Every structure is written in structure tokens, then in C-alpha cells.
Amino acid sequence: MSTFWIVLTGALVASACSIVGCFLVLRKMAMIGDAISHAVLPGIVIAFLIGGSRDSLLMLLGAAAIGLLAVFLIQWFHQSGVPSDASIGVVFTALFAAGVVLVSMYTRDIDLDLDCVLYGEIAYVPWNMLQIAGVDIGPKAVWGVGLALLLSVVLIAAFYKQFKICSFDPAMAAAVGIPVALFHYLLMGLVSVSTVASFESVGAILVVGMLVVPPATAYLLTEKLGRMIVYSVLIGCASSVIGYFAASMLDASIAGSMISIAGGIFLIALLFSPSHGVVLRKIKQKQMVRQASIAE
Amino acid sequence: MSTALYIWLDPNVQWILFGSMLLGLSSGVIGSFAYLRKQSLMGDALSHAALPGVCIAFMLSGSKSIGLFLLGAAVAGVIATFGIGFITRNSRVKQDAALAIVLTVFFGIGIVLLTRIQHSGNGNQSGLDKFLFGQAASMMLSDVMIMAAISLVLVTVCSLLFKEFKLLSFDPGFARGIGYPVAFMDQLIMFLIVVAVVVGIQAVGVVLMSALLITPAVSARYWTEKLGMMVVLAGLFGALSGLIGTFISASGNNLPTGPLTVLVATAVFALSVAAAPRRGVISKLLLRASVRTQVRREQAEVSGERRNRAV
Amino acid sequence: MHKSPLSIHGLSVAYQKKPVLRDITFEVPEGNLIGIVGPNGAGKSTLIKAALGLIPRLHGEVTIYGKPYAKQRKLVGYVPQRESVDWDFPTNALDVVMMGRYGHLGWIKRPGSAEKKLAMECLAKVGMADYAGRQISQLSGGQQQRIFLARALAQDATLYVMDEPFVGVDAATEKAIITLLNELKTQGKTVLVVHHDLATVKEYFDWVMLLNVRLVAFGPTEPTFTAQKLQETYGGRLTMLDRESPSALIVNGRSSDVDGSIHLA
């Protein structure tokens, strides 16, 4: 039974992250996912200090708020002339450093395991059940991530056209009257929420993996946004299922295995994708040379 | 109060101080070029990518040698840079996504290896954890000597090849036209970043290493329009952050040096954004205000003249 | 017997899966101003880059004054398209021009007072001597193009290759550039220009190349730049103005193509 919960959590994390991740990849904001996942650390710490326990809704909200603050700061610096990659770097490292300092100042006596925040431990998920009226209705992680996934699906489905235009041509979107900034922050909010909800299971670093690797793989396999989202969810789920079983065989980190498998699938797509694969393109080029010399 | 001064006589603190300053210096220098080439986040990617290298070094050698760990990290870093380059050159995936992919997949593989090591009962692996989170407090003289040597080499290379790196960063198309081996030089700069990262990981840890590559360089950009001055300032800001960070850490309640160094660097950045002449926010506001007053004055004069003529 | 500044035989280049240049063969005559024109996607920039070894080619030979490019770099001055550069880079106009001497300086050696003097002279030739210390982000489009030109002059080459140098510059700058190019011509140098404006081809260039993936025509402007050849190059996107003299054409097509009228008579 616990296997089921673990795999389900993995699949939910992969799905939630893959969907928002597609837009990040298309908007060349892949590293913002990395930034948010590091930047939320002080938010978690502060919420933990205020709330007193590790798994409260308050922590989720506090961390998500800091995630949005990070995005706001990145935007602000970028607009005042700092190149976007440098803005991302300055903001998230500062916030993460602040988080580490807070951890050592205030929580040395209390148990806030830094390792766990970064790596997560999905194997513990089944032991943390949510109870309503004394009945186990599933692990908290499943509910948390499941809600994040639901939120992402609902919002993106509702505003699909807007998200699509804002990703492709923000200038045109603004000219047509779409509030580009609103959708930007909405997307970032979804990233923050998905990130924080997934922390406990797969940890900060590996959330970034699920945000980027399956969407990038899907990007190499199709020319349509809708299909790209579907493919990346499928690839993400496949990675988490295969990853889980690989981890049990190797007796190693489950989250790490999931990402490694995702990476392997990406590599296969990179080389052998029918439309963009490296190997296939080299074969086509050789064919063209042959045709060109025949034509002479 | 007097104990605060005595701390500086402690050789441990001295070593941490020198180590942090050297680290800040070399990161600032190579970070300037990374910044100009829009590769600021390369340091972040490379420091995460180092993990599997370190694990494999441990698994192959069975010992906790820092030198071997550094070698493993460097090899992993170089493979990572090739991977990033391969992905960007050969597919439609852009550089930011390529960085994130390599960062997380390498790190994921590293975590798998790390947990394998942990579960295989080899108790010595605790050295690995410290290595990744940075343990400036345990810096020894030998570590500082290695850092000094590597920093010296890095700064020397950047100084000798300054005009080549400048042209490469400014206009790679023209550089290729003149005959520069652009691909090789790209790899060289990335290799220097790997070197800086590998040296710095021990002191400040994986995440914070990238801060030292980015923040001092960005701060320096605000103060000058000359590349040479920018590189020098970046190195100085980096070293200064190391100095002040160590100072606060040593005289405080055992707060970790790495994060404090990063926070100091960020404070310098905030100061630069606000107060730098010409590019800083305050200067820009003052300039705009004075231009506005001038325009108002001119318009008043013109309308005054018109009135006089009409009379 | 002078070897041709640029001799190309059977050049083919493909981009991903699309062929961009097919079997290009020509020899550039020395001491001329040569324009390369064609619709978008015709491969004009690609031709330049492939000839200079900046992008890989599928097929074909390229020689510069009889030898492969790699051996002749010092003889070629390349002026790339302007957008390829980050204009917020911390450097000033003089510094950019001095970069033109880096090829001659070799590795490690720093530019000295001799290089500075030469760079100032080149800046003066393009009328930008007063802007030597100006940060490049503060320059207008036309001024930036002049800086690039000054950098090419600093290279002291005999074959100049320019990629759309007249794009986005004001009329005064355009006049200044073409005057300078003619001066180069009187010095016996050869200038190859990828050009975007059909209306000025007859006025500016001695020879013209019409390119659309294949080489449609190459020769002295007068006999080569004809309505018929242009029709061949631009596909069905030419309209004859029947009411005017029969040699006037309107070239139109996709928005990114040339849009305007030219007189051939």
C-alpha cells in the first residue's frame, strides 16, 4: 500500500511541475524554477518559527509568498538594467543565504533538517497521514501536491489562450490588452505553490528537475503546445514510476532515481527524436550531401 | 570587547580569512566574464553537477581525500560544460533549460550515488556532506595554500588573456572572423569557472558558491564603464565580502561564514544599485530631477520672451 | 597575375535539414564594390559566413587570394551584422576600434600607443573622432555602424566583407559609408556587401550577385541587374508597373522582404 502512495506522490509531483514547467521552458525561465526552489527556504523557516510545526498550511503560504517576493525582486532588478540571469542569481542566493543564517540562529535546538528540505524523503510520505474525523484519508503530501496540481490544471485550462500568447509574444499580448504582468505572477505563484508542496517529497533541488526535464524532453518531440504539455506529464509520470522501482533495486534515493531516469529519457529524445534528434539529423545531412553530388 | 581582537590571532581564523578573501577575489574575476557572457548561472549549475564527481571519486578510492574530491568535482564539472554545450549546439533547447537540465540530472545522479554510499555502510561518507555544504570553519593551512595557488593561476590566466577574453565576450562573431579558436576559449573560460567553483565549494558550499561568482561582478558593473576596472572591482568586492563575512562570523555566535559572506556581497550589491554614480538609482533620479528643472526653466524663459515680444 | 580575392566552387550549406545554399560557384574580381542581393532566406549571410569559415559547409571549396581562409585571415576584414553584439558591454568607441588590431597583435600582447593612434585615425575617417571615449550604449544606430566600420578599417585588410551595413542607419551615415567604400576601392581593395535595398544597387555597386539558394546571376551591374534576372531571383513577387516605363518594377512580398520601387532604365 505504501508503494502506491509513494508512486502516486511522485506522479503527482511530476505532473504538477511538468505542466507549469512547460511555460517556464518556453519563456526561457528555466532557472527561475531553480531560483524559487532555493529562495523559499527563508519563507519556510519563518513560517516554521511562527507556526511551530513542520507541516502546516501556514508554511505553504509563507513559502509561496517569499517565492513571489523573489520573482518580484528579480523582475525589479531586471527592469533597472541587470541582465536577467544575474538578477536571478543575486536574488535567490541572497534569500537562500538568509535562510541558512536563520536556520543556524534560531533552529539549532529544534529539528528543521536542512538536508530534508533540500533532498526531501519521499519514502516517509505514507507515514504522514491526513486525518479527518479520525479516518486516514491519505498522506498529507498526496493531498498537498494533489491540490497544487488541481490548481495548476484549473488555472491553465481556464486561461490557456492567455498563457500561450504571453509566453510566445508578450509585446503583442500587451498591445491587445492582456495583463501580461498578472499572468506572469500567476504562473510564478503556481511554480511556488507546486515547489513548496513538493518539498517534503522530493526536496527543493529535484523539484527543479521535474519543472524542466520532462518539458524539455517534450519540447524535442512535438511542435504543438497542447501536446507538449501532455507529453511532459506522461514523461514525468513514467520517470517517477520507473525511478521508484530503480531506487528499490539499487537501494538508493528515490527522488534522485526519478530525476536520473528523467534525464535518461531526455538524452534518448535528444539523440533520437524524429523531428529534432541529433543522430537522425546527421543521417539526413549525409543524405543531402549525397543528393547534392548526384545532382551535379 | 578585547576578545574580539584576540580572535584575529587565532591561526584558524587567519586561515579562514585568507581562504575567504582568495575565494572572493578569484570568483569576482572570473565571474565578471561569466556575467558579460550571460553565463552567470553556470556556477550554480557546475557546483550542483560536481556532486556525482565527488561521489565517484570516493567510491573509486575508498578514502576521504580532499584532493581526489576536487579532482572528481573538476572532471564532473568539465563533463557538465560539454553537456550544456552539446545540448545548446545540437538542439532547440536553449541555454537556460540546458543549464537546469544538467544541474538537476547530475545532482540527481549524485544523490543516488550518495545514498548508495550511505546505505552501503561506509561510515566515512560524512566527509562528503560537509564537503557539499561547505565547512569554512574546518579550513586548514593546506587548504588555504591550495586555494592561494589556484587563485593565483586563475587571476594570471585572466590577466594574460585579458584582451582575448574581452573580445570573445563582446563580439564572438568577429573574434571567430579574426581567427580566434572560439570554441577552445569558450571551454577555457568555463573550465576556469569550474576551477573557481571546485575551490569554493569546500568553503561556502554548493548553492552559495554561485553567489560569489555573480554578485560581486554585478556590483562592480555599476561603478565603471571600463572592463579592466570592472574585473578589478569585482575581485575587490569579493575579497571584501570574504573579509567582512569572516569577521562577523568569528565575532558572532558561531554563525556560518559562507552565508554571511554572501549576505555581505548582497549588501554591497544593494549599495551599488542605489548609490553608484551615473548608473545607480539615486544618481539617475537626481539627474532626471535636474533635467526636469532645466527644461522647466528653459520653457519659462521662452514663454517669457514671447510675452515680452507681444507687448 | 592576381589571384581572385574570393573564389568559391561548388559551395553547399544546409541549416538543420533545410538546404540554404546549393552549389555556388563564382570568382570575385579584384578592386570592385560588389553587392549581394536576394530575398529573405536566400542565404546571403550564410554565404559570407561559410566563405569565412564561420559556419560549417556540406560541400565546396573556398579560397582567398588562392589559399584557404585559415591562412589568410590578416587579409580579410569582416563587418558582421550589428545585432550580434551586447551594446551594454563596458567599453568605449576607441576600444572597439582597437579590437580590430587584435588579429595583428597575436596572443597576450596588449594594444599600445601605436594601436591607439591607428584607431584614432580610423575613427576620424568615419567622422567619429570626437566620440572616442563615449560608452557604446550611448551611441545611435548609425554611430554604432560607423564604429564597426572603423574597426574593419583598423584591420587594414585587402578584402572587406560586410553583412548588411546599411540597415537601420540614417541617410547621412549611409552617404558616409558609401563614400568610404569608394575610397577603399580607389586604394585597390575589394569590398563585398550583403545588401538589403534594391533601390540603391545600381548607384552603389560595380558588380552584383543575385542569390536565392542557388546563384541566379553574377556580373557587372549594368547587364546583370535586369528585370528578368530579378524576376528569377525573387520568384513571382515582382509586379511590373505597366503605366510607367516598362523597366520600373515594384518588388513586394512578405513584410520582411524589400518593399519599394526601383527604376532600371
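Here the structure is a predicted model, which means the values were calculated and not measured.

J.: I'd like to hear about the overall build of chain B, residue by residue, with values.
T.: Secondary structure assignment for chain B yields 14 helices and zero strands. Start at the N end of chain B and walk to the C end: the helices and strands fall as α-α-α-α-α-α-α-α-α-α-α-α-α-α. Dimensions of chain B along its principal axes, counting C-alpha atoms only, are 100 × 60 × 35 Å. By residue count, 54% of the 311 residues in chain B fall in the buried class. Look at the contacts in chain B between residues 6 or more apart in sequence, and 74% of them connect residues 24 or more apart.

J.: Got a sec to walk through unusual backbone geometry? Specific residues and values, please.
T.: Located in the positive-phi region is B:K38, a residue other than glycine, with phi close to 55°. Relative to the helices and strands, B:K38 resides in the loop between α2 (11-36) and α3 (42-61). A count of 16 C-beta atoms within 10 Å places B:K38 in the partly exposed class. In this model, C:Y65 sits at a positive phi of 50°, which is unusual for a non-glycine residue. Along the chain, C:Y65 turns up in the loop between β4 (59-63) and β5 (76-79).

J.: Can you tell me about the sheet that holds strand β2 (residues 18-27) of chain C, naming the residues and giving the values?
T.: Residue and element names in this part refer to chain C. Read from one edge to the other, the open sheet built from three strands follows the order β2-β1-β4, with strand pairing classed as antiparallel. The sheet is open, and its two borders are formed by β2 and β4, each paired with just one other strand. Each neighbouring strand pair of the sheet contributes to a mean axis angle of 25°, computed without reference to strand direction. Pairing of strand β1 (residues 7-15) with β2 involves six bridges; the strand directions are antiparallel. By the bridge assignment, Y15 is partnered in β2 with K18. Sitting on the sheet, helix α1 (residues 44-51) touches β1, β2 and β4, and the angle it makes with β2 is about 65°.

J.: Summarise the interface of chain B and chain A; cite the residues concerned and give the values.
T.: The interface is formed by 44 residues belonging to chain B together with 49 residues belonging to chain A. Looking at the side of chain B that touches chain A, the elements that each hand over two or more residues are α3, α4 (66-90), α5 (95-119), α11 (206-221) and α13 (257-275) of chain B. The biggest single contributor to the side of chain B that touches chain A is α5(B), with 16 residues. Looking at the side of chain B that touches chain A residue by residue, the classes come out as 27 nonpolar, 11 polar and six charged.

J.: With reference to specific residues and values, describe the pairing of strand β8 (residues 207-212) of chain C.
T.: Residues and elements named next belong to chain C. Counting buried residues along β8, six of its six residues qualify, which places the element largely inside the surrounding structure. Because side chains alternate across β8, one face comprises the buried residues W207, M209 and L211, and the other comprises V208, L210 and N212, equally buried. Note: strand β3 (residues 33-37) against β8, four bridges, orientation parallel. Among the inter-strand pairings, I36 is bridged to a residue of β8, identified as M209. Two strands pair when backbone bridges link them, and β8 and strand β9 (residues 214-220) are joined in this way by six bridges, in the antiparallel orientation.

J.: With reference to specific residues and values, describe the UniProt feature "transmembrane region" (unreviewed entry) in chain B.
T.: Residue and element names in this part refer to chain B. The sites that carry the UniProt feature "transmembrane region" (unreviewed entry) are, in the present numbering, residues 15-36, 66-87, 99-117, 138-162, 188-215, 227-248 and 260-277. Note that residues 188-215 is 96% helix and 0% strand, and that its end C-alpha atoms are spaced 22 Å apart. Between the end C-alpha atoms of residues 227-248 the distance is 31 Å, and the span holds 100% helix and 0% strand.

J.: Kindly report on helix α9 (residues 227-234) of chain C, identifying the contributing residues and their values.
T.: Residue and element names in this part refer to chain C. Among all positions of α9, only L230, T233 and Y234 are buried. Taken around the axis of α9, the buried residues stretch over an arc of 80°, which confines them to a single face. Immediately downstream of α9, the backbone of G235 shows phi near 65°, a positive value.

J.: Tell me what's going on with the sheet that holds β5(C), and back it up with residues and numbers.
T.: Residue and element names in this part refer to chain C. Taken together, six strands build an open sheet; the order of strands is β5-β6-β7-β3-β8-β9 and the sheet is mixed. Every other strand in the sheet has two partners, leaving β5 and β9 as the edge strands with one partner each. Mean inter-strand twist for the sheet, computed between neighbouring axes without regard to direction, equals 15°. Taken together, the four bridges between β5 and strand β6 (residues 159-163) define a ladder with parallel strand orientation. Directly across from Y78, in β6, lies its bridge partner V161.

What counts as what
- Residues numbered from 1 in each chain as written.
- Chains lettered and ligands numbered in written order.
- Predicted model: local features only at pLDDT ≥ 70, side-chain atom pairs only at ≥ 80, totals over all residues.
- Helix = DSSP H or I, 4+ residues; strand = E, 2+ residues; numbered from the N terminus.
- Buried ≥ 20, exposed ≤ 12 C-beta atoms within 10 Å, placed from the backbone.
- Contact = placed C-beta atoms within 7 Å.
- Pairing = 2+ DSSP bridges.
- Axes fitted to C-alpha atoms, helices over the stretch in contact; angles between N-to-C directions.
- Nonpolar A, V, L, I, M, F, W, Y, C, P; charged D, E, K, R; others polar.
- UniProt positions renumbered as here; feature names shortened; annotations may be inferred.
- Arc of directions from axis to C-beta.

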